[in-house]
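Now for the letters of each chain:
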Amino acid sequence: MADYRIRRRWSADLPGCVRALAEVHEADGYPQVWPSRPTAWLVDPDQLAGWVATAPDGQVVAHVALVAGLGSSAARVWATRTGRRPEETAAVTRLYVAPSARGRGLGAGLLDTVAEFARQEGLCPVLDVVTTNTAAVELYERQGWEWLVTIDQQWPDGQLVEVHCYALEGCER
């Protein structure tokens, strides 16, 4: 990660976030459905915070956000398993790294940053990921996320998509 920096996202970062997202979409098909308003897609109304990774030249090359877990499939699964409430979670979302910046540990760094923030807020970090996104699945498992279950999730456009639900290990208490 030498010379790359992870920090909180500022509103001025959003054009760079969209540019990096477009590169990821072109290379990997994430997101599966390109949002009609990508900036709004990155900044959910229930978002708790967002972070970016910047290259040495200051260009945004990666992004992650944390949202209130109430609407998350993973949060509902976690709550059912633990007997706790989905409101006690925060869902990791919109994690991506531009192809040109991969292999530097930025995805892991962003994931650690967002998980630490959630835990400092007293929330259990959870997430869900499309089952075909094997690189993300490998990252989550390598970083100590516990697979909870695989479910079908209906997206706003009506698609039924198979996703893995995860919670950060150690959140079961």
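Within each chain, residues carry numbers counting from 1 in the order of the written sequence. In keeping with the predicted nature of the model, local features appear solely for residues at pLDDT of at least 70, side-chain atom pairs appear and are counted solely at 80 or more, and the whole-chain, interface and lining totals rest on all residues. Excluding hydrogens and water, the side-chain values take into account all heavy atoms of the structure.

**Side note on the packing of aromatic side chains**
Now for step 1: A pair of Phe, Tyr and Trp rings is counted when the ring centres sit within 6.5 Å of each other, with Trp represented by its six-membered ring. The angle between the planes then sorts it: under 30 degrees is stacked, over 60 is edge-to-face, the rest tilted. Tallied over the full model, the rule gives four aromatic pairs.
Now for step 2: On the basis of an interplanar angle of 70 degrees and a centroid distance of 5.2 Å, the ring pair of W51 and F117 is categorised as edge-to-face. Here W51, found in strand β2 (residues 47-54), pairs with F117, found in helix α4 (residues 106-120); they are 66 residues apart in sequence, far enough to count as distant. Residues W51 and F117 agree in their burial class; the two are buried.
Now for step 3: One aromatic cluster is present, built from ring pairs that chain together Y140, W145 and Y166.
Now for step 4: Looking at R7, its charged tip hangs above the ring of W10, at a distance of 3.5 Å from the centre. Starting at the N terminus, helices and strands are each numbered in turn, a helix being any DSSP run of H or I of at least four residues and a strand any DSSP run of E of at least two. Each residue gets one of three labels from its accessible area relative to the maximum for its type: buried under 20%, exposed over 50%, partly exposed in between, using a 1.4 Å probe on protein chains only. Distance and angle both matter: a charge sits over a ring if NZ of Lys or CZ of Arg is within 6 Å of the ring centre and within 35 degrees of the ring normal.

**Notes on the side chain of R7**
Now for step 1: For R7, the position within the fold is in strand β1 (residues 5-8).
Now for step 2: Looking at R7, its side chain comes within polar contact range of the side chain of D13, at 2.7 Å.
Now for step 3: The contact criterion used is simple: two residues touch if any of their non-hydrogen atoms lie within 4.5 Å. Dropping the residues within four chain positions of it, R7 is found in contact with D13, W51, V52 and T54. In the analysis that follows, any N or O atom pair within 3.5 Å is treated as a polar contact, provided that within protein one partner can donate a hydrogen and the other can accept it, and provided that, for residues neighboring in sequence, both atoms belong to side chains.

**Some points on the sheet that holds strand β5 (residues 124-130)**
Backbone hydrogen bonds are what pair the strands of a sheet, in a parallel or an antiparallel way.
Now for step 1: In short, DSSP must find at least two bridges between two strands for them to pair. Strand order in the open sheet formed by seven strands is β1-β2-β3-β4-β5-β7-β6, with mixed pairing between adjacent strands. Two strands lie at the open edges of the sheet, namely β1 and β6 (145-154), each paired on one side alone. Strand-to-strand, the axes of this sheet are offset by a mean angle of 25 degrees, without reference to chain direction.
Now for step 2: Structural elements are reduced to axes, namely lines fitted to C-alpha atoms, with helices fitted over the stretch in contact, and the angle between N-to-C directions of any two is expressed from 0 to 180 degrees. Each of β1, β2, β3 (60-68), β4 (89-97), β5, β6 and β7 (160-168) touches α4; the most contacted strand, β3, lies at about 25 degrees to it.
Now for step 3: This element, helix α5 (residues 134-142), spans β4, β5, β6 and β7 of the sheet and lies at about 155 degrees to β5.

**Examining the nonpolar core**
Now for step 1: To define a nonpolar core, start from buried Ala, Val, Leu, Ile, Met, Phe, Trp, Tyr and Cys residues and group those joined through side-chain atoms within 4.5 Å. In terms of nonpolar packing, the biggest core is built from 56 residues, with L111, Y140 and W145 touching the most fellow members.
Now for step 2: Per-element accounting of this core gives the leading share, eight residues, to α4.
Now for step 3: Those residues in contact with Y140, other than ones at most four positions away along the chain, are L95, L111, L127, V129 and W145.

**Structural notes on α4**
Now for step 1: One less than the residue count of a helix, multiplied by 1.5 Å, gives the span that helix is expected to have. Along its 15 residues, α4 runs 21 Å from first to last C-alpha, staying within 8% of the 21 Å computed at 1.5 Å per residue.
Now for step 2: Just downstream of α4 lies G122, where phi reads positive at about 80 degrees.

**Re α5**
Now for step 1: Considered for burial, the residues of α5 that qualify are A136, V137, L139 and Y140. An end-on view of α5 places all buried positions within 160 degrees of arc, on one side of the element. In α5, those exposed residues whose orientation departs by more than 90 degrees from the buried face are T134, A135 and R142.
Now for step 2: Tucked inside the fold, the buried residues of α5 contact β4, α4, β5, β6 and β7.
Now for step 3: Among the residues trailing α5, G144 stands out with phi positive, at a value near 90 degrees. What the arc describes is the spread of directions from the helix axis to the C-beta atoms.

**Here's the deal with the pairing of β6**
Now for step 1: Of the pairings in the sheet, the one linking β6 to β7 comprises nine bridges and is antiparallel in character. Each bridged residue has a counterpart across the sheet, and for Q154 the counterpart in β7 is L160.
Now for step 2: Hairpin connection, β6 to β7: the antiparallel pair is bridged by five residues, and G158 has positive phi, about 95 degrees.

**Digging into unusual backbone geometry**
Now for step 1: A cis geometry characterises the amide bond from Y30 onward to P31, with omega recorded as -5 degrees.
Now for step 2: Along the polypeptide, P31 turns up in the loop between α1 (14-28) and α2 (38-42).
Now for step 3: Its identity is not glycine, yet R94 carries a phi of approximately 55 degrees, on the positive side.
Now for step 4: As for its position among the elements, R94 is in strand β4.
Now for step 5: Take R94: its relative accessible area is 15%, and that puts it in the buried class.

Geometric descriptors of this kind do not, in isolation, establish any biological role.
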